Amino acid sequence: MSNRNSVLYSIIFNRCPRCREGKMFKSGLYTTRFSDMHTNCPCCGQEFEPEPGFYYGAMYVSFAFNVAIFIVCLFILSQFVEEITMAMMIGVVAAVVVGLLPVIFRWSRSLYIHIFVRYEGPCSEIPNKLHR
């Protein structure tokens, strides 16, 4: 199995969980349309929103990412600043979270759908769900 077929590669680069080849999102990362997703995988036809409200659970994944960011910021600040104030912590965390918003949004959705949709193989070897 090559790195391009790994689950970690698929989550980080927002690929379809079923074939790990098709892109989940339509546009670039830092655009105003960073949240626009394809309805189906362009390669294998997997639906990216299996049911209405599917991605509400991704908010918990996003929360976990943000807690990790808080802990990392706290650790880094503690290495460079003698006394950490609440305002300093809020400012640093807010700047980092806002700066990483598109990344966190996409990784949360990608990780969440990978929990529920299993890998079936390369796109050329599995039936396309749109042509059934």
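Residues numbered from 1 in each chain as written. Predicted model: local features only at pLDDT ≥ 70, side-chain atom pairs only at ≥ 80, totals over all residues. Heavy atoms only, no water.

Caption draft 1: Structural detail: helix H4 (residues 101-116). Under the 1.5 Å per step criterion, the end-to-end length of H4 is 23 Å for 16 residues, consistent within 8% with the ideal 22 Å. Inspection of H4 places Pro102, Val103, Ile104, Arg106, Ser108, Ser110, Tyr112, Ile113 and His114 among the buried residues, and these make up the whole buried set. On its buried face, H4 sits against helix H1 (7-12), helix H2 (58-80) and helix H3 (86-99). (Helix = DSSP H or I, 4+ residues; strand = E, 2+ residues; numbered from the N terminus. Expected span 1.5 Å × (residues − 1). Buried < 20%, exposed > 50% of the residue type's maximum accessible area, 1.4 Å probe, protein only. Contact = heavy atoms within 4.5 Å.)

Caption draft 2: How the structure looks around the environment of Met37. Tracing the backbone shows Met37 in the loop between H1 and H2. Its relative accessible area of 15% is what places Met37 among the buried residues. Along the primary structure Met37 and Val96 are separated by 59 residues, whereas in three dimensions their C-alpha atoms are 24 Å apart. Beyond its immediate chain neighbours, meaning those up to four positions away, Met37 contacts Met24, Phe25, Lys26, Phe48, Tyr55 and Arg109.

Caption draft 3: The packing of aromatic side chains, seen in detail. One pass over the structure, following the stated rule, counts eight aromatic pairs. Between the aromatic rings of Tyr9 and Phe13, the centroid separation amounts to 4.6 Å while the plane-to-plane angle is 35°, which identifies the pairing as tilted. Looking at Tyr9, the relative accessible area reads 16%, which means it is buried. A network of ring pairs unites the aromatic residues Phe54, Tyr55, Tyr112 and Phe116 as a single cluster. The lysine or arginine in question, Arg20, covers the ring of Tyr119, its NZ or CZ lying 4.1 Å from the ring centre. (Phe/Tyr/Trp six-rings, centres within 6.5 Å; stacked < 30°, edge-to-face > 60°. Lys NZ or Arg CZ within 6 Å of the ring centre and 35° of its normal.)

As far as function goes, none of this settles anything; it's purely spatial.
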